[in-house]
Every structure is written in structure tokens, then in C-alpha cells.
Amino acid sequence: MSKFEFPPAIKSRPVYGTLEARPGKHHLMIADAEGAEAILAIATPELMANTHIIYIPRGTDYADKLRALNPVQFYEGPSYAASVTRIQRTLERSHMGLQIYLAGTEGLMGQAQNEAMKAGFPFNAIQTEHRGSIARRMQCVHCKGITEDVEIDPFVCSHCGLNLFVRDHYSRRLAAYQGVCIDAEDPGNVPPSKGIYE
Amino acid sequence: MTIQFNDETFRDDYTFRNSDWAIDRFPFPFHEDSYMYAVNMEQHRGGPDGSVYEKRFDVDEHYVAEMRDRAMVLADDPLRCQSLPHMTLAGWDLLELIMVSKSEDYPDLFELHRDGDRWRWVNKPMGIDDSFTFMDETTLPYGPMEYITRQTQGDFCVLDQREDNLWMDAGIVTTQADWSLDFDIGMNFFEWHAPVPLAHEKGIFVRALKFLLNIQQGAPARRLNWTMTVNPLLDTSPENYHKWGVQKTTLTPENIGEKQHLRVELQTFFRLPRSNALVFPIRCYLCSFQDLMTKPKWGRRLHRVVRDLPEELATYKGFIDNRPMMLDYLSKFDDGLPTSPGVFPDTETEPPLQT
Ligand code: HEM
């Protein structure tokens, strides 16, 4: 599957790279959905002998392929929310020097990166590669509720119901883009939604 | 002079007014007939007597009412005041800077009595007389930053300095020009400025950051920024935009002089001694178009600036839709005569409007 080329954007937006196997004794790979492809692309038996994979399939069927790589530890979680305490625990118990690889959707990478930074891992120990859905994790600036996997602009806040437009302004702390009411100045005048990059 | 504090509101019935004194000293931000982003920074070492630049933290007739408005905003939304755990020391630094500055600059309004770390702070306009132990949070009703900034006009960002960058790791933000502290907290200088058009491309933020990183204790700096606000609404927050945004559509040719306000931010920068953090007070001044037009020079100049402002800036500042109506109004105060350089109104020397 080809990778999505994000258009150039403002400076708060994260930039994603391409995973590469780095030297190190311990590797943690966290991925969702098509993010599995990025792991498959760099996996070698030597690397996998020191790798812990945490994977959230989200309706895809890559899990068996990842399991077949024989990583030292493999966890398949039903959702990010269900996996997050495990991610936190893993990070807490890991030594500095751990190499962290994140792949898949922006929401997964942003949240997992946050956990890694909170656990004290430096930015440069964390690699990212975007794969799969270009949906965004959005924070409603009004009610502060997070709506996951937003594919269209404008969209309806899943918490307060306001019609929000999708900004490019991004908070790493929240791992979310900002959604702002689109019809504040003309209540009810909401343009038809389009795909975010259309 | 003794200040008469106004009993006024910045919401609902909007009873906010500027006295002639406040209009005379309004920090008109345009030193020439056009405007573009620039690294417009200078030392903050006083200014003309009575001007808003004179004191380290200017106190004016709106003080008490603004503090009442801030308390209401915080009661509705405590997320407007946040401090990451490592910023408490900077909060004490800020409390000290403000208490020392205000008690020295306004001895009739504020008193600070220090006996070692036993401090007593008297704020007469707000009726506060508190004794506490410096550096002991348990002796104050709020954290040190929140305590002192609930008593000081203007928003405050407290920036941690590390990795050759500034990080917005604490702040109290209730009079902002449409940006969210809750969203921006933890960001660095380039990230929180990301939405600003044109300035990144002009290299302005790279140069501005270099300047800020080198600010020394005791040598503060300042700059002005500006935007437009319909009604004298202090809390133009993104959080509440779904409530106040519609007010922008209430302008008419009849009410624009009264309703449309030029919103000016006097932004200052102080290095803090113990934490090496930088504090960035953003003090908001509002003035209605009709009050500005009492100064012929400001009338001529505001028309030219608004007329010639690049579309990107008028859009970013949120008044692109109202610009034509503003220009209809302002053009009546521009007779084409030249204007004197500098921001001051020069009422003695500038000719009256020719009709
Ligand atoms: C460290 C202190 C500073 C802080 C905390 C700060 C914060 C901000 C914030 C939060 C915004 C709003 C961005 C948005 O749209 O979300 C902004 C806008 C802006 N800042 Fe700063 N800033 C600082 C220093 C400076 C300096 C030194 C300059 C010098 C050139 C500058 C230039 C600007 C400009 C040009 C804008 C756009 C304003 C407008 O057109 O209304 N800032 N700043």
C-alpha cells in the first residue's frame, strides 16, 4: 500500500518519517492497523529477538503476520484505550536506551509518543511512520472532548454536538488537532463535509 | 495622580468606557501609515510620564473591573490557569517581581512588607491584606502565579527556557486574542506561533526567539500587537467563540463607532531570577473607534492601515468580513493630510480634520 504524502503544513504539525532498524538491546514497537506494514518492512530475526510488539489491528488482519515474526513479546489489543496501561507499564519498566518505533494512524502515534515522553524517553529515541488512515484525533476547543478518527471537515463533536472545522494546529501534549465551531458567526450555516485533504 | 477605578463590565451590558485620560494614553500601535509584522522589540525602560509604558506593570482605571472579569472567567473555566509541575519556582519569581514593582511604582495602592520570608502584601484597590511565607505554597489561597495574576491586569505566559527554545509551561489567559492556553500549553515558540501567517516565512520568529533567549534579568523588553474586537469583550477566547462569534455580525454603519474596538496588547518580557524562566505579560487595552477618532492623527492613520493591510492579516485577525464597513466609517476621518511619525497623537501640532 502506498504511503500518503501529507501536504506541507504549519509548524505545530508533526512530521512522520520512515522506520529504520536502529542498533540497541531493546526495541518496543507500537502500531495499529496498516502500521503493521511498517514493522514488517524492517523486521529481521535478529531485531525481533529483542523486540516487544504491541499491536491494535482495528479490523485488519495483520496480527498473524506480526506474530509470525516471533518477537520476544507480542500483545494484541482491542483498542488503544484498552492497551494504554500496558504501554505505560512497559515504558516504565524499560531502560533508557530503549528504541521506540510507532507506526499507523496519527492518533496512535501521537498518544504513544506522549506516553514515551512522559516516561522520560528523549524525542530522538522515538521513530514514527504514518500508515493507513489519515483520520485525525480532534479536540473540541469548546467542551475539550476528544473525537477519535475524524475523516471529514467539518464534523460534529461527539461530546457537545457543535459543528467543528478541522484546524492544522496540533498539540503534542493532547495528541490532537484543534476543532473550532464553524458556524459561530452564522448559526446553522454549515457547509457540506469533505474529506480532510480534499 | 490617584486613579478612579471604574465600575464597569466587559460582557453582557458592556458598560466599559475609557475616560479622556485613558484615551489620551491609549497605546496606539501604528508608528506609520501602514502595518506589517516585524521584530518590533525595544527595551522596557519607562516612557513618557503618564503613558502606559512608564511603569513596569501599568495599573489604570479598569483594574478592579478587569480583575472581577478574570475571576468570572476562571470560575467558569479553571483550565484558563495552568502550571506544569516544574514551574512553581517561576511562579514565586513572578509573584516577587510583581509585588516589588507595584509597591515601588504605586506606593499609594500597594504595599509589600518583608521580614525574611514572612511577607505581608496589601492591595488597597482590591481590599486585600495577606500575610504569607515566601516559597511556602500552603500559606497562599492559590499557587503563587495564580495568586498574583488574579491581582494584575493582563494575561501571563511563563516560559521555561531549555534546548535553545522557550516552552509555554505555565500561564493565566483570560483576555486573549482568540488562542487557547489549554491547547498550547507545553508547546515551544515555533509550535504555538504556527497559525500566524507570513511571519514564519519572513524569518521573524527565528530572530525574535534569538532576542528573547538573551533577555537578561533587570533588562526587560516590550512590543505591541493588535487586533480588532466587536464590543469591549475581554474574553475573546476560542473556548467561548461559539458564544461571542456572532457578535461580530451585529455591526451596523450606525453603531460601528461605538461597538468596534481596536484591541492593543502591550507585551513585555522579563527574565526571572531563580528559575531563569521568561515571563510574558500580555496587557490588553481596548478603545472604541469613536474615541480613537477624537485624535485627528489616529483617525487618518487607522483608515490607511486598515485599508492597506494584507488580506492574510485581516483574515487571521478575524475582521475581513467587517473591513468594508470599517473603511466606510474610517474614511470619513481621513482627509489625506500627512501624519507625523510615531505613535503619539500629537494633538498640539496635528491639524484638525479638514472637511
Ligand atoms: C515568548 C513570548 C511570546 C508568547 C508566549 C507569544 C504567544 C503568541 C500566541 C499564543 C499567539 C497566537 C497564535 C495563534 O493564532 O494561535 C501569538 C501571535 C503572534 N506573535 Fe507571539 N508570542 C511571544 C513572543 C512574540 C514575539 C517576540 C514576537 C515578535 C515578532 C511575536 C510575534 C507574534 C505575531 C506577529 C503574532 C500574530 C499576531 C496577530 O497578527 O494578531 N510573538 N503569539
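Residues numbered from 1 in each chain as written. Chains lettered and ligands numbered in written order. Predicted model: local features only at pLDDT ≥ 70, side-chain atom pairs only at ≥ 80, totals over all residues.

A few points about the overall build of chain A
No. 1: Of the regular secondary structure elements, chain A holds five helices and 12 strands.
No. 2: Taking 2.2 N^0.38 as the reference for a compact globule, 198 residues should give roughly 16 Å; the C-alpha atoms of chain A span a radius of gyration of 18 Å, in line with that estimate.
No. 3: For the C-alpha atoms alone, the extent of chain A along its principal axes is close to 60 × 35 × 30 Å.
No. 4: When the 198 residues of chain A are sorted by exposure, 43% land in the buried category.
No. 5: Contacts spanning at least 24 positions in sequence make up 61% of the contacts within chain A whose residues lie at least 6 apart. (Helix = DSSP H or I, 4+ residues; strand = E, 2+ residues; numbered from the N terminus. Rg over C-alpha atoms; globule rule 2.2 N^0.38 Å. Buried ≥ 20, exposed ≤ 12 C-beta atoms within 10 Å, placed from the backbone. Contact = placed C-beta atoms within 7 Å.)

A word on the sheet that holds strand β3 (residues 73-76) of chain A
Residue and element names in this part refer to chain A.
No. 1: As summarised here, the arrangement of the five strands in space is β3-β2-β1-β4-β5, forming an open sheet in which the pairing is parallel. Of all the strands in the sheet, the pair left with one neighbour each is β3 and β5 (126-130). Averaged over all adjacent pairs, the angle separating strand axes in this sheet is 10°, with direction ignored.
No. 2: Sheet analysis places strand β4 (residues 99-104) next to β5, joined by five bridges and oriented parallel. Counted as the bridge partner of glycine 104 is histidine 130 from β5.
No. 3: Contacts from helix α1 (residues 35-42) reach β1 (27-32), β2 (51-56), β4 and β5, with the element oriented near 145° to β1.
No. 4: Here helix α5 (residues 106-118) sits on the sheet and contacts β1, β2, β4 and β5; the angle it forms with β4, its principal contact strand, is near 160°. (Pairing = 2+ DSSP bridges. Axes fitted to C-alpha atoms, helices over the stretch in contact; angles between N-to-C directions.)

As for the pairing of strand β10 (residues 278-288) of chain B
Residues and elements named next belong to chain B.
No. 1: Counting buried residues in β10 gives nine out of 11 residues, a clear majority hidden from the surface.
No. 2: When strand β6 (residues 155-162) meets β10, the two strands line up antiparallel, connected through five bridges. The residue bridging cysteine 157 from the neighbouring strand is phenylalanine 280, located in β10.
No. 3: Direction of pairing for strand β9 (residues 260-271) relative to β10: antiparallel, over a ladder of nine bridges. Bridging from a neighbouring strand, histidine 261 pairs with serine 288 of β10.
No. 4: Where β9 hands over to β10, the hairpin turn is made up of six residues, of which asparagine 276 adopts a positive phi near 60°.

As for the interface of chain A and chain B
No. 1: Every contact between the two is made by 18 residues of chain A and, on the other side, 18 residues of chain B.
No. 2: Counting residues per element, the ones that place at least two in the side of chain A that touches chain B are β10 (163-171) and β11 (176-181) of chain A.
No. 3: Here the side of chain A that touches chain B is built from residues that sort into eight nonpolar, six polar and four charged. (Nonpolar A, V, L, I, M, F, W, Y, C, P; charged D, E, K, R; others polar.)

Section: the nonpolar core
No. 1: Counting residues in each nonpolar core, the largest one holds 34 residues, and the members touching the most others are Leu94, Val158, Leu159 and Val279 of chain B.
No. 2: Mapped by element, the contributors of at least two residues to this core are α3 (88-105), α4 (144-149), β6, β7 (165-172), β9 and β10 of chain B.
No. 3: The dominant element in this core, judged by the number of residues it contributes, is α3 of chain B, at seven residues.
No. 4: In this view, valine 279 of chain B contacts Leu94, Phe156, Val158, Phe270 and Leu272 of chain B; residues no more than four positions away in its chain are not counted.
No. 5: Core analysis: the next-biggest nonpolar cluster, separate from the first, contains 31 residues, Ile30, Ile56, Leu102 and Met109 of chain A among them. (Core = buried A, V, L, I, M, F, W, Y, C linked by C-beta atoms within 7 Å.)

Considering the site of the ligand
Residue and element names in this part refer to chain B.
No. 1: Near the ligand lie 25 residues; those nearest to it are Cys157, Trp179, Pro195, Ala208 and Phe280.
No. 2: Looking at the shell around the ligand, the elements with two or more residues in it are β6, β7, α7 (204-213), β8 (221-230) and α12 (311-316).
No. 3: In terms of residue class, the shell around the ligand is made up of 19 nonpolar, three polar and three charged. (Near = placed C-beta within 6 Å.)

Structural notes on the packing of helix α11 (residues 296-308) of chain B against helix α13 (residues 323-330) of chain B
To characterise two packed helices, one gives the angle between the axes of the helices and the distance between these axes.
All names here are of chain B.
No. 1: Contact geometry for α11 and α13: axes closest at 9 Å, N-to-C directions at 155°. Between α11 and α13, the angle falls in the class roughly antiparallel. Of the two elements, α11 crosses α13, and the hand of that crossing is left-handed. Only Arg323, Met326, Leu327 and Leu330 of α13 make contact with α11, whose side of the interface consists of Leu302, His303, Val306 and Arg307. (Parallel < 35°, antiparallel > 145°, perpendicular 65-115°, else oblique. Left-handed = near helix turned anticlockwise from the far one by under 90°.)

Focus: the confidence of the model for chain B
No. 1: Looking at chain B, the pLDDT average stands at 97 and 100% of residues meet or exceed 70.
No. 2: Across the predicted assembly, pTM comes out at 0.96 and ipTM at 0.95. (pLDDT = per-residue confidence, 0-100.)

Things to note about the pairing of strand β7 (residues 146-150) of chain A
Residues and elements named next belong to chain A.
No. 1: The pairing of strand β6 (residues 136-140) with β7 spans three bridges and is classified as antiparallel. Paired with methionine 138 across the two strands is threonine 147, which belongs to β7.
No. 2: The turn linking β6 back onto β7 is made up of five residues, and lysine 144 within it adopts a positive phi angle of 75°.

Quick notes on α13 of chain B
Helical geometry note: an α-helix holds 3.6 residues per turn, so side chains three or four residues apart project in the same direction.
All names here are of chain B.
No. 1: Those residues of α13 not exposed but buried are Met326, Tyr329 and Leu330. Along the axis of α13, the buried residues cluster in a sector spanning 90°; they form a single face. Along α13, the residues that are exposed and aim more than 90 degrees away from the buried face are Pro324 and Asp328.
No. 2: Residues of α13 that are buried in the fold lie against α9 (256-259), β9, α10 (289-292) and α11. (Arc of directions from axis to C-beta.)

With respect to the packing of helix α4 (residues 80-93) of chain A against α5 of chain A
Residues and elements named next belong to chain A.
No. 1: The contact between α4 and α5 brings their axes to 10 Å, and the two run at 30°. Of the possible angle classes, the one that applies to α4 and α5 is roughly parallel. Crossing of α4 over α5 shows right-handed handedness. Here Tyr80, Ile87, Gln88 and Leu91 of α4 lie close against α5, whose contacting residues are Leu108, Gln111, Ala112, Glu115 and Ala116.
No. 2: Residues that form the contact of α4 with α5 fall into these classes: six nonpolar, two polar and one charged.

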